[in-house]
Amino acid sequence: MCTQLRALGEGRRAPSVLSFSVELDQPYEPATHTFEPLARMGVAGRPPHFQHLPVHVPSAYERGSPWDENAPGPMFVTLRLDVHDRTWEDIQRDVQALITIHYVKRLQIGQQRGVNNPDLGQRGKPAPDLPRWAHKATVLIGALEDACPFAHRALRRADEPLATRVVELWDQTTLSDGMAVAPRPNGFPYGRYWTGDALDGFLLAHTHAREVDEAAVYASAEIDSLPLAGRASHAAAVMCLLAGAGRAAPRMPQPIDEGNAAHPFGDPQDDAAARAPLAVVQLPREQTAVRAGRWLAVNALDGLHHLIDVARRLGQEAGTASPPLVVNMSYGAMAGPHDGSGMLESAIDELCLASQGKLAVVMAAGNAHGTQRNGEDARGYLPGGLHARQALEPGGSVSFTLFIPPDKQFETYLEFWFSVQGKAQDEDQFLYLDADGRHGEVDIVVEPAVGATWPALPCPGLHVVPQGGASAQVEAGLFFMRRPTQGRHRSMALLVVAATQVAGWYAAAPSGRWRITLRHKKASSDAAARYFFVDAWVERDDTEVGAVRPQSARLVENEDGTPSGLTDADTFTSIATGSKTFRVGAVMDRGEGLATEQVSAYSAAAVNCKKGPEFSAIADAHAALPGIRVSGSQSGMVLRANGTSMAAPQAARYLTNRLAVGDTLSTVRAELAASMQGTARLGKKTA
């Protein structure tokens, strides 16, 4: 808000809509949780006047769980604030009013939508019927992805090769000027939406001699702002591993390719996942391009509720119980409390509990483990620089060094979370309130790469540089929060540094080494002084694919030789720390299609005292041959890709096949609990 969202907006104008994820004080009821007129302070000397906030919750959140009609409404919803043609002063007052509503326990901002994209109305037309062939489904596969290759041969029906198995596709991307507005999903007021029949129509319109011109399909469909006529997309690789059928999808697991295989694709895949219907939510391109999950909570939660609604309608139309739903999400975020209490993690746990074991959410564990070779130990690796942990004792101080490269396109986010030694992670551990320089426990000093050292900031507090400057001049800010919205139990400080890329209409922040020192204000002789652990996480911020060079901020060693605390422990993506999600790490394939217990170098680790991922899957052929063969965006295209993003869909496929034959998630979890395999990085089972 201090920068008027300048790195995300269109020009210097305010957006049309701000979205938020919200935790309520009780299950959502439209009649109870109304945004009644709220008092807004008038000018000095005048009494406050009342105004109705232009806020609504998408009507999709009024529907209960399709698997338990007695389940209460959700505690976690998203809401949308209409800010079209409003001044920034009004917008800030509206956000303040939202925070003060008595039944809003916490509120987190999501991706804003562009100037020309107001909400299109709440309800829209009733949802059209799903394809009749899908009514026989024993399990539904859902995906939260980017550009979906729905015309790919591996994602078509076996009995009708000119029809896709994608029964619904919702693209949440901001509409471009002049783009035709397709129908939106019933219950959500934004994005573009296609039924399976509409997608089949694109295939038939570009079929010649029973062959589909896939490039022409994607160019005409405007499914994504960048047509899928290119070679690859993240979704193409993930979805063909998740649900690919026949010889059109590379076989998994794969032996090392010697170059003379008669059938390079291996044996055709014909399992339950290869026949199951697919429902896809395309996360906004403006979100996936940032390569971080900083705005993920709103769109992912909306997407999950939409996928659950598809399962509901399948059961209603078939006159049977709603089928189980397996959702793959190969995205993540580093920043957060990493204790399962974040907004999205808590919301996913809530949905899984309400499903009575019929919803499985599969997450990539993350790629934050260090892969840089250690010059002193050829077998060792240096930490990845996304996480550091140090002990802060009374009377002492700790320092962290954040390196921000030049020409970085996006803001840099660094979070510090405070844990009281000896306290369980689900106990409240908030810092004491600092009042007029008294009673506080910790303050923070920031030394930027260029410029004067900032004054010590107590908790709570905020410091923006330059102070009182216009939004175009704001370079950085430090926000020290006693009770942050991102977690439930601990205090957090957030350092935000603007983009270092030079632009014409705002000041670029200085690149280089930023040093942050946290000081314990209590004396070591104070018997009541508490001991803390400080965890620092840098939000993953790889530059968009296709840029000239990647520019990522990282924690590095302190130049003065003091401990930096760099560690690869507890480097799961924060949204994969919920209690009900299935986390998947990456391992090597050492030939003959057999997985080994050698974890891929980048695959993230759980904290030492916690269990590791539930599953592992092959994502690398060999230490000298990174990646596995995956599908490109069009049939026949094959390339190599690695990462836990490639491991997760294999585990989701395994769960799909188990549920399709009548097994339950309870059975799977019991098997995992009994497994003797597993470490902080190796899964209890290899899928």
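Not measured: the values here are computed from a predicted model.

## Thoughts on the overall build of the protein
In step 1: Check the secondary structure of the protein and you find nine helices and 33 strands.
In step 2: Counting the 687 residues in the protein, one finds 57% classified as buried.
In step 3: Split by element, the accessible area of the protein, about 27500 Å² in all, is 52% carbon and sulfur.

## Some remarks on the packing of aromatic side chains
Aromatic ring pairs are defined here through the distance separating the ring centres and the angle between the ring planes.
In step 1: Evaluation of the coordinates by the stated rule reveals ten aromatic pairs.
In step 2: With a centroid separation of 6.0 Å and an interplanar angle of 45 degrees, the aromatic rings of F582 and F615 are classed as tilted. Of this pair, F582 sits in strand β28 (residues 582–589) while F615 sits in strand β30 (residues 615–620), and the two are 33 residues apart along the sequence.
In step 3: A relative accessible area of 0% means that F582 is categorised as buried.
In step 4: Members of the aromatic cluster, each reached through a chain of ring pairs, are Y61, W170, F188 and Y190.
In step 5: The lysine or arginine in question, R389, covers the ring of F533, its NZ or CZ lying 4.2 Å from the ring centre.

## Quick word on the nonpolar core
In step 1: In terms of nonpolar packing, the biggest core is built from 63 residues, with F20, L98 and L359 touching the most fellow members.
In step 2: Ranked by the residues each element gives to this core, the list is headed by helix α6 (residues 296–318), at ten residues.
In step 3: Core analysis: the next-biggest nonpolar cluster, separate from the first, contains 49 residues, V139, L162, W194 and L655 among them.

## Comments concerning the packing of α6 against helix α7 (residues 343–354)
When two helices pack together, their arrangement is captured by the angle between the axes and the distance separating the axes.
In step 1: Where α6 meets α7, the closest approach of the two axes is 10 Å, and the angle between their N-to-C directions is 10 degrees. With respect to α7, the axis of α6 lies roughly parallel. Handedness of the crossing formed by α6 with α7: right-handed. Contact with α6, carried on its side by A297, A300, L301, L304, H305 and I308, involves L344, A347, I348 and L351 of α7 and no other residues of that element.
In step 2: Considering only residue class, the contact of α6 with α7 consists of nine nonpolar, one polar and no charged.

## Considerations on helix α1 (residues 88–100)
In step 1: Under the 1.5 Å per step criterion, the end-to-end length of α1 is 19 Å for 13 residues, consistent within 8% with the ideal 18 Å.
In step 2: Within α1, burial applies to W88, I91, D94, V95, A97 and L98.

## Focus: the sheet that holds strand β20 (residues 442–447)
In step 1: With respect to topology, five strands assemble into an open sheet ordered β21-β20-β25-β18-β27, the strand pairing being antiparallel. Of all the strands in the sheet, the pair left with one neighbour each is β21 (457–458) and β27 (554–556).

## Re the sheet that holds strand β6 (residues 104–109)
Strand pairing in a sheet relies on backbone hydrogen bonds. The paired strands run either parallel or antiparallel.
In step 1: Reading across the sheet, the four strands line up as β4-β5-β1-β6 and stay open at both edges, with antiparallel pairing between neighbours. Two strands close off the open sheet at either side, each with one partner strand: β4 (55–56) and β6.
In step 2: Where β4 lies against strand β5 (residues 76–82), two bridges are found, and the strand directions are antiparallel. When the bridges of β5 are listed, V55 appears paired with L81.

## Quick word on the pairing of strand β26 (residues 532–538)
In step 1: By the criterion of burial, β26 is predominantly enclosed, with six of the seven residues buried.
In step 2: The sheet contact formed by strand β17 (residues 387–392) and β26 spans six bridges and is antiparallel. Looking at the pairing, H387 lines up with W537 of β26.
In step 3: Where strand β19 (residues 412–420) and β26 come together, seven bridges link them in antiparallel fashion. Its bridge partner being in β26, L414 is matched across the sheet by V538.

## A few points about the packing of helix α8 (residues 644–660) against helix α9 (residues 665–674)
In step 1: Running from amino to carboxyl end, α8 crosses α9 at an angle of 125 degrees, the nearest separation of the two axes being 10 Å. The orientation of α8 with respect to α9, classified from their angle, is oblique. The segment α8 lies against α9, with Y654, L655, R658 and L659 engaging L665, T667, V668 and E671.

## A look at the pattern of salt bridges
In step 1: The tally for this structure, following the rule as stated, stands at 26 salt bridges.
In step 2: Salt-bridge contacts for R106 lead to E23; the nearest nitrogen and oxygen are separated by 2.6 Å. With R106 in strand β6 and E23 in strand β1 (residues 17–24), this residue pair connects regions lying 83 residues apart in the sequence.
In step 3: With its nearest N and O atoms 3.6 Å apart, the salt bridge here joins R513 to E559. Of this pair, R513 sits in strand β25 (residues 512–520) while E559 is found in the loop between β27 and β28, placing the two residues 46 residues apart along the sequence.
In step 4: Judged by its relative accessible area of 36%, R513 is partly exposed.

## A word on the confidence of the model for the protein
In step 1: In the predicted model, the protein carries a mean pLDDT of 85, and 84% of its residues have values of at least 70.
In step 2: Long-range and interchain partners of residues 39–46, a stretch whose pLDDT sits below 50, account for 15 contacts in this model, where long-range means more than four residues apart.
In step 3: The model gives residues 255–266 a pLDDT under 50, and that stretch makes 16 contacts with residues more than four places away or in other chains.

What counts and how
Residues numbered from 1 in each chain as written. Predicted model: local features only at pLDDT ≥ 70, side-chain atom pairs only at ≥ 80, totals over all residues. Heavy atoms only, no water. Helix = DSSP H or I, 4+ residues; strand = E, 2+ residues; numbered from the N terminus. Buried < 20%, exposed > 50% of the residue type's maximum accessible area, 1.4 Å probe, protein only. Areas by Shrake-Rupley, 256 points an atom, 1.4 Å probe, with all protein chains shown as cover. Phe/Tyr/Trp six-rings, centres within 6.5 Å; stacked < 30°, edge-to-face > 60°. Lys NZ or Arg CZ within 6 Å of the ring centre and 35° of its normal. Core = buried A, V, L, I, M, F, W, Y, C linked by side-chain atoms within 4.5 Å. Axes fitted to C-alpha atoms, helices over the stretch in contact; angles between N-to-C directions. Parallel < 35°, antiparallel > 145°, perpendicular 65-115°, else oblique. Left-handed = near helix turned anticlockwise from the far one by under 90°. Contact = heavy atoms within 4.5 Å. Nonpolar A, V, L, I, M, F, W, Y, C, P; charged D, E, K, R; others polar. Expected span 1.5 Å × (residues − 1). Pairing = 2+ DSSP bridges. Salt bridge = Lys/Arg side-chain N within 4 Å of Asp/Glu carboxyl O. pLDDT = per-residue confidence, 0-100.

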